[in-house]
Amino acid sequence: MDFELDDAQLALQESARRFAAQEIAPIAARCDQSGEFPRAVLKQAWELGLSHVCIPAEHGGTGLGLFDTTLVVEELAWGCAGITTSIMANDLGLTPILLAGSPEQRKEWFEFAGGEFRLAAFCLSEPEAGSDVAGLQLLAEKDGGDYILNGAKCWITNGGEAGLYTVFATLDRSARHKGICAFVLEGDAPGLSPGKKEDKMGQRASDTRVVHFDGVRVPARQRLGQEGEGFAIAMRTLDSTRPSIGALAVGIARRALEESVAYARERRAFGTPIAGFQAVQFMLADMAKDTEAARLLTRQSAWMIDRGLRASKHSAIAKCFATDVAMRVTTDAVQVHGGNGYTREYPVEKLMRDAKLMQIYEGTNQIQRMVIARELLKE
C-alpha cells in the first residue's frame, strides 16, 4: 500500500489547485449571489484537461482514472462546489455511454461536438422518483423503430446548458426497474425543453432545472444497451461516480478547515487569539481528523474501481461519510467564526450551504446507508 502520489499526479493536483485559486475562487461569491452560470470558466477547465478527466483520450477526454479524478475534484471544490458540480456533471452524463454504449455509439456521441466544448447532463431524477429510481414515470412508447418520450425530469445539473443528455425512461410504469431504458439525446431534440432555473439554497453557480419531454422522438440506435437494462446502467453509473462526490465533499471540508484555522489565529477574545482556547482547538482537531478520514475512504473506493473491483459498498461508504463530514465541518466552521460566520463577508456560510446538497444528490445518505446494509447482508 503506497500513499505517495507520483510526479504526474502531483503535477495534475497542482494544476487543479492553481486553477481553483486563480479562476474559480475569485468569482465564487459573485456567482453564488447572482446565480450566474460561469460557462467561460467551465470551458477553461475543459481546455486544461480538468474536465472529462475519466473520459478516454480517444474520445476527447483526459484519459485518466477515477483516483486521479478525485485529486482534481477536491482541488476544484476548494474553490467552489457549485462550479465543480457543473464540471463533474459532464463525466456523469457521459459515463452511461462508456459503460453501455457500443463502439459505434461511443464514436458517434463522444465526437458529436466536433472537438468543441459541449456540456452533458444526466437525466434520472423526477418529481415523484428521486430515491425511488425504479418508480420513474417518464414514458417511452414504441412507435415503429423509434421511441416517443413524454414526461419530465427534475434537479438536472446543466439542464439548461447541455448539448447532450443521457435520459432514463420506462416502457411500462408498472414494471418498475424491469421496464427502464437508457437513451442519448442531443440538446436541440424537438420536444426537449428546459424549465426555469431552480433558486437553490447553495451551489447556486450550478445550473439546475426541470427538463420537459413533450413527444420527443428517439431512434432505436440512440438506446444504450437492451430494453430493460436502463436501471442497471444507472446504478453502475452512480457506483462509479460516487467517489467523485466524496472528493467534492472533502474539498469543501478542507476549505472550511483552512478558513477556520486562519480565523482562529487572528481573532482575539479575552486578550488572546481564540486558537489558544481548548474548546476551539478540539473543534479544529475533530474537523481535521474527519476530513483526513473522508479523503482516505474516497481515494480507496476510487482505487478499487480503477482496478475493476466491486465497490458498491465502498463507494457508498465514501459518499455517505465524506458528505456527512462536509456538513459537520462547515457547521463547526461557522461556529468558530461566531457571528462573522453567519455573514456573507466570510466564505464559511457559503460552504455550509453548499455542503448540505452533498448529503442529498446522487443518492441521499439514507439511500447510501441502505446500499451499505444490503451489501453487508449479501456478504
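The coordinates are above.
Here's what I pulled together on the structure shown here. (Residues numbered from 1 in each chain as written. Predicted model: local features only at pLDDT ≥ 70, side-chain atom pairs only at ≥ 80, totals over all residues. Heavy atoms only, no water.)

### So, the pattern of salt bridges
If you walk through the whole model with that rule in mind, you get 31 salt bridges. Its salt-bridge partner being Arg-221, residue Glu-108 comes within 2.7 Å of it at the nearest N-O pair. Linking Glu-108 in helix H5 (residues 103-110) with Arg-221 in the loop between strand S7 (208-219) and strand S8 (223-224), this pair joins segments that are 113 residues apart in sequence. Two residues, Glu-258 and Arg-254, come together in a salt bridge whose shortest N-O distance is 3.1 Å. Highlighted residues: Glu-258 and Arg-254, both in helix H6 (residues 230-266), separated by four residues, approximately one helical turn. We classify Glu-258 as partly exposed; its relative accessible area is 37%. Put simply, Arg-17, Glu-74, Glu-75, Arg-254, Glu-258, Glu-292, Arg-295 and Arg-299 are held in one network by salt bridges that share partners. (Salt bridge = Lys/Arg side-chain N within 4 Å of Asp/Glu carboxyl O. Helix = DSSP H or I, 4+ residues; strand = E, 2+ residues; numbered from the N terminus. Buried < 20%, exposed > 50% of the residue type's maximum accessible area, 1.4 Å probe, protein only.)

### What about the nonpolar core?
Counting 33 residues, the largest nonpolar core has Leu-248, Ile-252, Ile-274, Leu-284, Met-287, Val-329 and Met-358 as its most contacted members. Breaking this core down by element, the ones donating at least two residues are helix H3 (66-79), helix H4 (81-100), H6, helix H7 (278-306), helix H8 (312-337) and helix H9 (348-358). Top element by residues in this core is H6. It accounts for 11 residues. Residues contacting Leu-248, with those up to four places away along its chain left out, are Val-73, Ala-77, Ala-81, Thr-84, Thr-85, Met-88, Met-358 and Tyr-361. Among the nonpolar cores identified, the runner-up in size contains 23 residues, and Phe-110, Phe-122, Val-133 and Val-184 belong to it. (Core = buried A, V, L, I, M, F, W, Y, C linked by side-chain atoms within 4.5 Å. Contact = heavy atoms within 4.5 Å.)

### Quick word on a nonpolar patch on the surface
Together, Met-1, Phe-3 and Leu-296 make up an exposed nonpolar region whose accessible area comes to about 440 Å². Positionally, Met-1 belongs in the segment before helix H1 (7-34). (Patch = residues over 30% accessible without salt bridge, like charges linked within 9 Å, V, L, I, M, F, W, Y side chains within 5 Å. Areas by Shrake-Rupley, 256 points an atom, 1.4 Å probe, with all protein chains shown as cover.)

### What to know about H8
Compared with the 38 Å implied by 1.5 Å per residue over 26 residues, the 38 Å span of H8 between its first and last C-alpha is a close match. Of all 26 residues in H8, 19 are buried, a share of seventy percent or more. Immediately downstream of H8, the backbone of Gly-338 shows phi near 60 degrees, a positive value. (Expected span 1.5 Å × (residues − 1).)

### What about the side chain of Thr-330?
Topologically, Thr-330 is positioned in helix H8. Among all residues touching Thr-330, those that are not within four sequence positions of it are Ile-252, Ala-256, Leu-351, Met-352 and Ala-355.

### A word on a negative patch on the surface
On the surface, Asp-2, Glu-4, Asp-6 and Asp-7 cluster together to form a negatively charged patch. With respect to the element layout, Glu-4 can be found in the segment before H1. Given the relative accessible area of 65%, Glu-4 is considered exposed. (Lys, Arg positive; Asp, Glu negative; His and termini not counted. Charge placed at Lys NZ, Arg CZ, Asp CG, Glu CD.)

That is the geometry; function is a separate question.
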